[in-house]
Amino acid sequence: METRLRIAVQSKGRLYDETMELLGEAGIKMTTAKRTLLIPSRNFPVELLFLRDDDIPDSVASGTADIGIVGLNEVLEKNKSVNILKELGFSRCRLSLAIPQHIEYHGLSWFNNRKIATSYPVILSKFLSENGIKSDIHVITGSVEIAPGIGLADAIFDIVSSGSTLVSNNLTEVEKVLESQAVLIGAQNRKLPQEKHVILNELMFRIDAVKAADGKKYILMNVPKEKLDEVLAILPGIKSPTVLPLANTDWCSVHSVLDEKRFWEIIGKLKSAGAEGILALDIEKMIL
Ligand code: PRT
Ligand code: ZN
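**Q** Teacher, can you tell me more about the sheet that holds strand β9 (residues 155-160) here?
**A** Strand pairing within a sheet occurs via backbone hydrogen bonds; the two strands may be parallel or antiparallel. One open sheet holds the five strands; their spatial order is β8-β7-β9-β6-β10, and the pairing between them is mixed. The open sheet has two free edges, formed respectively by β8 (136-139) and β10 (171-180), since each of these has just one partner strand. Direction aside, neighbouring strands of the sheet carry axes that sit 25 degrees apart on average. As defined by bridge partners, strand β6 (residues 93-100) adjoins β10 across eight bridges and the pair is classed as antiparallel. The partner of Leu 97 across the bridge, within β10, is Glu 175. In the packing of helix α4 (residues 121-130) onto the sheet, contacts are made with β6, β7 (115-118), β8, β9 and β10, and the angle to β8 comes to roughly 170 degrees.

**Q** Any chance you could explain the layout of surface pockets here in plain terms?
**A** Empty space among the atoms becomes apparent when a probe as large as a water molecule is rolled across them. Of the pockets and cavities examined, the largest pocket occupies roughly 1,100 Å³. Lining the largest pocket are 37 residues, and of these Arg 14, Asn 73, Tyr 120, Asp 158 and Ile 159 lie nearest its centre. When residues of the lining of the largest pocket are traced back to their parent elements, those giving at least two are α3 (72-78), β9 and α5 (164-168). Its residues assigned to classes, the lining of the largest pocket comprises 10 nonpolar, 16 polar and 11 charged.

**Q** Whenever I open this one, the coordination of the zinc ion (ligand 2) confuses me. Can you help?
**A** For a metal with four tetrahedral donors the ideal donor-metal-donor angle is 109.5 degrees, while six octahedral donors give ideal angles of 90 or 180 degrees. Around the zinc ion (ligand 2), the protein supplies Asp 53 (OD) and Asp 54 (OD) as donor atoms, at distances of 2.0 Å. Here the zinc ion (ligand 2) binds four donor atoms, and the angle range of 78 to 171 degrees at the metal identifies the geometry as irregular.

**Q** What's the story with the environment of His 255 in this structure? I'm lost.
**A** Assignment of secondary structure puts His 255 in strand β14 (residues 251-259). Judged by relative accessible area, His 255 falls into the buried class, the value being 14%. Every residue in contact with His 255, bar those within four places of it in the chain, is listed here: Tyr 218, Ile 219, Leu 220, Pro 241, Thr 242 and Leu 244. A polar atom in the side chain of His 255 sits 3.1 Å from the side chain of Ser 253.

**Q** When you look at the nonpolar core in this model, what are you seeing that I'm missing?
**A** The nonpolar side chains of a soluble globular protein tend to be buried with one another. Counting residues in hydrophobic clusters, the biggest one holds 29 residues, and the most contacted among them are Leu 97, Phe 111, Ile 116, Phe 157 and Ile 185. At the level of elements, β3 (46-51), α2 (56-62), α3, β6, α4, β9 and β11 (182-187) are the ones that each hand at least two residues to this core. The biggest single contributor to this core is α4, with four residues. Structurally, this core is a two-domain feature, drawing no fewer than three residues from each of domain 1 (5-92 + 182-212) and domain 2 (93-180). With near-sequence residues (within four places) excluded, Phe 111 lies in contact with Leu 97, Ile 99, Tyr 105, Ile 116, Ile 133, Lys 134, Ser 135, Ala 155, Val 174 and Glu 175. Counting residues in each nonpolar core, the second largest holds 28 residues, with Val 9, Met 30, Phe 50 and Ala 182 among its members.

**Q** Would you mind going over the pairing of strand β13 (residues 242-245) with me for this structure?
**A** It is a general feature of regular strands that their side chains alternate between the two faces of the sheet. Where β13 and β14 come together, four bridges link them in antiparallel fashion. Residue Pro 245 lies in a different strand from β14, and its bridge partner there is Cys 252. What sits between the antiparallel neighbours β13 and β14 is a turn of five residues.

Criteria and cut-off values
- Residues numbered from 1 in each chain as written.
- Chains lettered and ligands numbered in written order.
- Predicted model: local features only at pLDDT ≥ 70, side-chain atom pairs only at ≥ 80, totals over all residues.
- Heavy atoms only, no water.
- Pairing = 2+ DSSP bridges.
- Helix = DSSP H or I, 4+ residues; strand = E, 2+ residues; numbered from the N terminus.
- Axes fitted to C-alpha atoms, helices over the stretch in contact; angles between N-to-C directions.
- Contact = heavy atoms within 4.5 Å.
- 1 Å grid on protein atoms, 1.4 Å probe; cavity = no way out; pocket = protein on both sides within 12 Å on 5 of 7 lines; lining within 4 Å.
- Points joined across faces, edges and corners; volume = space filled by probe spheres on them.
- Nonpolar A, V, L, I, M, F, W, Y, C, P; charged D, E, K, R; others polar.
- Donors = N, O, S within 2.8 Å, 3.2 Å for Na, K, Ca; no water.
- Tetrahedral: all angles 85-135°; square planar, octahedral: opposite > 155°, others 65-115°.
- Buried < 20%, exposed > 50% of the residue type's maximum accessible area, 1.4 Å probe, protein only.
- Polar contact = N/O pair within 3.5 Å; in protein donor to acceptor, adjacent residues only side chain to side chain.
- Core = buried A, V, L, I, M, F, W, Y, C linked by side-chain atoms within 4.5 Å.
- Domains from an automatic or database assignment.

Encoded structure:
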């Protein structure tokens, strides 16, 4: 039987879409769109094991899966023997302490002897003990944000993304404890057999190429030769921009890569420096 690297992924939830998108962009096609428990890829030697995100760290630590894709928050909370192989850059959020809006907050000591509701007791107790704070941790799963409003707790420790859930529950974020994102994990105490190791390396190489292209634009423009130095000084480029001759010898064509974040700022500068006919294209993959 052909060797397959088994990847544990979330079966449904916030991680699902972007996990499947990342694997798709890495060229991995699945045999079916149906989410049965275990699905092989039809063009790459991996198979996906669909689980609840809570079970992913243990599935990797115990060897049920070879690697997994899960939020860093789950990895740290479950505290299993796994290594972080790669940060994947999606499902970004933070784990924060939040208190009712009307309270004046003067620092961490406020939490001494207070009751904090959370679904992340392990991460919270570590943070509190590192900071010498003693609180009463009240574990609840789901809808943690309503606990202060109904008198179940003084504060909460929960995932925050846009912050709108906090606002609609009259809570204010007062301490950011952990920045989280989806990560690729592997087992700490087990070495993969050579064949699987080769598959994992190819997968990581492809993920790097997809991630490197993320948020990048390829731009092409025409530049009068006498303005070339000025234009080149504006371009950040990967290493150095490509400059090509044009039929009209007073002009040349300049190609480069721009970060989406600085796109409009740089385009504005290029235009005022004399660049014309600027084209911007999405980059699908980038091999550095
Ligand atoms: O069923 P299963 O156990 O697999 O899934 P789950 O319900 O435990 O997790 P799921 O799918 O909700 O989230 C999976 C992972 O996504 C989390 O472990 C985080 O790593 C990550 N993530 C990213 C988030 C959020 N953003 C997020 N906003 N997880 C939860 N939230 C919640 C947050 O708690 C808040 O209540 O979404 C609500 C909205 O957040 P705001 O701040 O945008 O209002
Ligand atoms: Zn879960």
